Amino acid sequence: MAYRKIREIGDPCLKKKCRPVTEFDERLHALLDDMKETLRMAEGAGLAAPQVGILKRAIVVNLGDNKMLELVNPTIIKTEGSSIEAEGCLSVPGKAGEVERPTKVTVIAYDRFGKRFEYTGEGINARCLCHECDHLDGILYVEKVIRFVDVEE
Ligand code: ZN
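Criteria and cut-off values
- Residues numbered from 1 in each chain as written.
- Predicted model: local features only at pLDDT ≥ 70, side-chain atom pairs only at ≥ 80, totals over all residues.
- Heavy atoms only, no water.
- Donors = N, O, S within 2.8 Å, 3.2 Å for Na, K, Ca; no water.
- Helix = DSSP H or I, 4+ residues; strand = E, 2+ residues; numbered from the N terminus.
- Buried < 20%, exposed > 50% of the residue type's maximum accessible area, 1.4 Å probe, protein only.
- Core = buried A, V, L, I, M, F, W, Y, C linked by side-chain atoms within 4.5 Å.
- Pairing = 2+ DSSP bridges.
- Axes fitted to C-alpha atoms, helices over the stretch in contact; angles between N-to-C directions.
- Contact = heavy atoms within 4.5 Å.
- Phe/Tyr/Trp six-rings, centres within 6.5 Å; stacked < 30°, edge-to-face > 60°.
- Lys NZ or Arg CZ within 6 Å of the ring centre and 35° of its normal.

A. Fine view of the coordination of the zinc ion. With distances of 2.0 to 2.2 Å, the protein atoms coordinating the zinc ion are Cys89 (SG), His131 (NE2) and His135 (NE2). Written as a sequence motif, the donor residues of the zinc ion are C-x41-H-x3-H. Here His131 pairs with His135, and both are found in helix α2 (residues 124-136), just four residues apart, close to one helical turn. Like His135, His131 is buried.

Dropping the structure here:
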């Protein structure tokens, strides 16, 4: 596993619509392993492949307690509720802003071996899933922000 440099706002990779993963091979596994390592080192809530310069539909979400969820080709199929909370992004350092997101989100995705699964996340996990799926379509939270908030140092 290796740390991959996180692209920051202004990098063209963050504005691109990513391609679906078609090969569930060793390259994908290496990418997911590196993304998890990078997320762990950056102490973030989630990371999308375009944030490390790879324009493929893959994300990792930190579920807490050292648990990380890998989602390949995720599609949000159901959302419930709505809340306005502050969120940040590893690609937008030193900032946070309030964004309206659903409180419960169900996704269909594939694991690293191509096996389809369904996952439902609530609260911060729901927020994170939406934020990371947006990355795959080249959307940063700053485009949806209601207002920026002070970042605690
Ligand atoms: Zn982000």
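B. Layout of the nonpolar core. Of all hydrophobic cores here, the largest spans 18 residues; its most connected members are Ile59, Val61, Leu71, Val105, Val107 and Leu129. Top contributing element to this core by residue count: α2, with six residues. Counting 14 residues, the second-largest nonpolar core is a separate cluster that includes Leu28, Leu32, Ala49 and Val52.

C. Expanded view of the sheet that holds strand β7 (residues 116-122). Taking strand neighbours across the sheet as the criterion, the five strands line up as β1-β2-β3-β6-β7 in an open arrangement whose pairing is antiparallel. Each edge of the open sheet is held by one strand with a lone partner, namely β1 (46-48) and β7. With strand direction ignored, the average angle separating the axes of adjacent strands in the sheet is 40°. Relative to β7, strand β6 (residues 104-110) runs antiparallel, the two being bridged by seven bridges. Looking at β7, one finds that Val107 is bridged to Tyr119. α2 rests against β1, β2 (58-64), β3 (67-80), β6 and β7 of the sheet, and its axis sits at about 165° to β2.

D. Main features of the packing of aromatic side chains. In this structure the tally under the stated criterion is two aromatic pairs. Aromatic side chains Phe24 and Tyr110 sit 6.3 Å apart centroid to centroid with 55° between the ring planes, which places their arrangement in the tilted category. Highlighted residues: Phe24 in the segment before α1 (26-42) and Tyr110 in strand β6, separated in sequence by 86 residues. Judged by its relative accessible area of 27%, Phe24 falls in the partly exposed class. Classification of Tyr110 as partly exposed rests on a relative accessible area of 26%. Considering the side-chain rings of Tyr141 and Phe148, the 6.5 Å spacing of their centres and the 65° angle between planes classify their relative orientation as edge-to-face. Overall, the relative accessible area of 1% leaves Tyr141 in the buried class. For Phe148, a relative accessible area of 39% puts it in the partly exposed group. Here Lys95 stacks its cationic end above the ring of Phe148, 4.8 Å away from the centre of that ring.

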